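An overview of the molecular structure
What follows is each chain in one-letter form.
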Amino acid sequence: MLSIVNMNIQIELTNRCPFECDYCVRKIWSAKPCDISLERVKDLIETFDPERIALYGYGDPTIHKNVRDIVRIAKKRAEVVMVTRNYNFRENIDLLVYSIDTLSEFKKVEGYPVSIIITKDNADLIRKVTGKAKEVYLTNLIPYNREMYEKTAFAEISKKMLDVCIDIIGDENFLRNLVKMDKNAVERYRKMLEVVENVNVRYLVDKADRILTALKFESLLSELNVNKPNMFAGERKCPYENYVFVRADGKIFPCMELAYEHPLYLGYSTLTVECKSADKSLPYPWCGDCQFLEGCWFVENGFDCYGYECGCSRCLFSVGIARCLI
Ligand code: SF4
Ligand code: SF4
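As the structure is a prediction and not an experimental result, all values here were calculated from the model. (Residues numbered from 1 in each chain as written. Chains lettered and ligands numbered in written order. Predicted model: local features only at pLDDT ≥ 70, side-chain atom pairs only at ≥ 80, totals over all residues.)

Considering the UniProt feature "domain: Radical SAM core" (unreviewed entry) in the chain
Feature annotation in UniProt places "domain: Radical SAM core" (unreviewed entry) on residues 11–103, given in this structure's numbering. Along residues 11–103 one finds 25% helix and 16% strand; the C-alpha atoms at either end are 29 Å apart. (UniProt positions renumbered as here; feature names shortened; annotations may be inferred. Helix = DSSP H or I, 4+ residues; strand = E, 2+ residues; numbered from the N terminus.)

As structure tokens, this is what we get:
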């Protein structure tokens, strides 16, 4: 039998879920409900011989009828990670993380590892839970529509660009002068380009509020002992470099993000994310920093200027804004 040594796996045990989380992709999809079979799980473990197995996907893994058998089999071969919202499920797993939205939910799992999605409105929850949970894992909200986007606390530009351009945030005069080719503005712009490859001036000027919110959260998170995401795009790295994702129907995908077709609403466009192409080496630029982003023909037409169709191009996981527990 084929054995792909050292390739870790994330297995979606089921895509069914009894919970109604506000920000779940399940609210906007129409995937056929299904559960993976015990035989397929055994096969996958034999084939990949993983060091680490993540047992969760877009459904709640604890409702799979064989969940305890699967945990037992997985534990014999690898480190096991699971994320659930079922606060009654207690198993001796290497990392069992409870996903929570409110303080009342947290009371049921106080002392355990928890995961929280950062939104503009939940700084208080994060503060209160820190120190009481065993560990806190944070990720930013992935926006599937405009309404969700308005609740996010991150900014799409990179931290590197922000640091170089911090003094022009919200400065319409700079943009106006630059467009008029004012000598001072052009000189400042040229100096910025000596440090970063691209300056998305439009974003810096128009999205000042977003940038300030992201800075506020960045400062809050730096004071807390939590596992935190980036609030601005960081160095690009695919978290699934050494992983595959197995969907509940048994099919294999490059990662969880590409396993189901879904919209992704970013400030500049709505994309349909689907698994047409994936290049985990991420050879292309980050659109959030690009000066051509506003009205970019490639972005509007669903691919990027390197010819890739919406796979990894604008992946929030690849810049550390979104984080997964694998
Ligand atoms: S796809 Fe468009 S916005 Fe993105 S990097 Fe290329 S030119 Fe810039
Ligand atoms: S979409 Fe993101 S997480 Fe998935 S393979 Fe591409 S870079 Fe990696």
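The rest of the description comes next.
Considerations on the site of ligand 2
If you check the shell around ligand 2, you find 14 residues, and the closest are Cys238, Cys255, Cys312, Cys315 and Ser318. Taken together, the residues of the shell around ligand 2 break down into ten nonpolar, two polar and two charged. (Near = placed C-beta within 6 Å. Nonpolar A, V, L, I, M, F, W, Y, C, P; charged D, E, K, R; others polar.)

Quick word on the nonpolar core
Counting 84 residues, the largest nonpolar core has Ile11, Leu55, Val114, Ile116, Val136 and Ala214 as the members making the most contacts within it. Split by domain, this core shows at least three residues from each of two domains, domain 1 (8–154 + 212–257) and domain 2 (159–206). Leave out the neighbours within four places in its chain, and leucine 55 touches Ile11, Leu13, Pro61, Ile70, Val71, Ala74, Val80, Val81 and Met82. (Core = buried A, V, L, I, M, F, W, Y, C linked by C-beta atoms within 7 Å. Buried ≥ 20, exposed ≤ 12 C-beta atoms within 10 Å, placed from the backbone. Domains from an automatic or database assignment. Contact = placed C-beta atoms within 7 Å.)

Let's talk about the packing of helix 1 (residues 38–48) against helix 2 (residues 67–77)
Packing of helix 1 against helix 2 leaves a shortest axis separation of 11 Å and a crossing angle of 10°. Classified by the interaxial angle, the pair formed by helix 1 and helix 2 is roughly parallel. The segment helix 1 lies against helix 2, with Leu38, Val41, Lys42 and Ile45 engaging Asp69, Ile70, Ile73, Ala74 and Arg77. Among the residues making up the contact of helix 1 with helix 2, the classes are represented as six nonpolar, no polar and three charged. (Axes fitted to C-alpha atoms, helices over the stretch in contact; angles between N-to-C directions. Parallel < 35°, antiparallel > 145°, perpendicular 65-115°, else oblique.)

Focus on the packing of helix 7 (residues 172–179) against helix 8 (residues 183–195)
For the pair helix 7 and helix 8, interaxial distance at closest approach is 8 Å and the crossing angle is 100°. When the interaxial angle is binned, helix 7 and helix 8 end up roughly perpendicular. Every residue of helix 8 that contacts helix 7 at Phe174, Asn177 and Leu178 is listed here: Ala185, Val186 and Tyr189. Grouping the amino acids of the contact of helix 7 with helix 8 by side-chain chemistry returns five nonpolar, one polar and no charged.

A closer look at the domain arrangement of the chain
By domain assignment, the chain separates into domain 1 (8–154 + 212–257) and domain 2 (159–206). Just the C-alpha atoms count here: the centres of domain 1 and domain 2 sit 38 Å apart.

Considerations on the sheet that holds strand 6 (residues 136–140)
Strand order in this open sheet of eight strands is 6-5-4-3-2-1-7-8, and the pairing throughout is mixed. Two strands close off the open sheet at either side, each with one partner strand: strand 6 and strand 8 (252–253). Sheet topology places strand 4 (residues 95–99) next to strand 5 (residues 114–118); two bridges connect them, and they run parallel. Across the sheet, the residue bridging to serine 99 is serine 115, located in strand 5. (Pairing = 2+ DSSP bridges.)

Some points on the environment of glutamine 10
Structurally, the position occupied by glutamine 10 is in strand 1 (residues 8–11). Through-space distance from the C-alpha of glutamine 10 to that of isoleucine 252 is 9.7 Å; in sequence the pair is 242 residues apart. Apart from residues no more than four positions distant in its own chain, glutamine 10 is found in contact with Ala54, Tyr243, Phe245, Val246, Met256 and Ile326.

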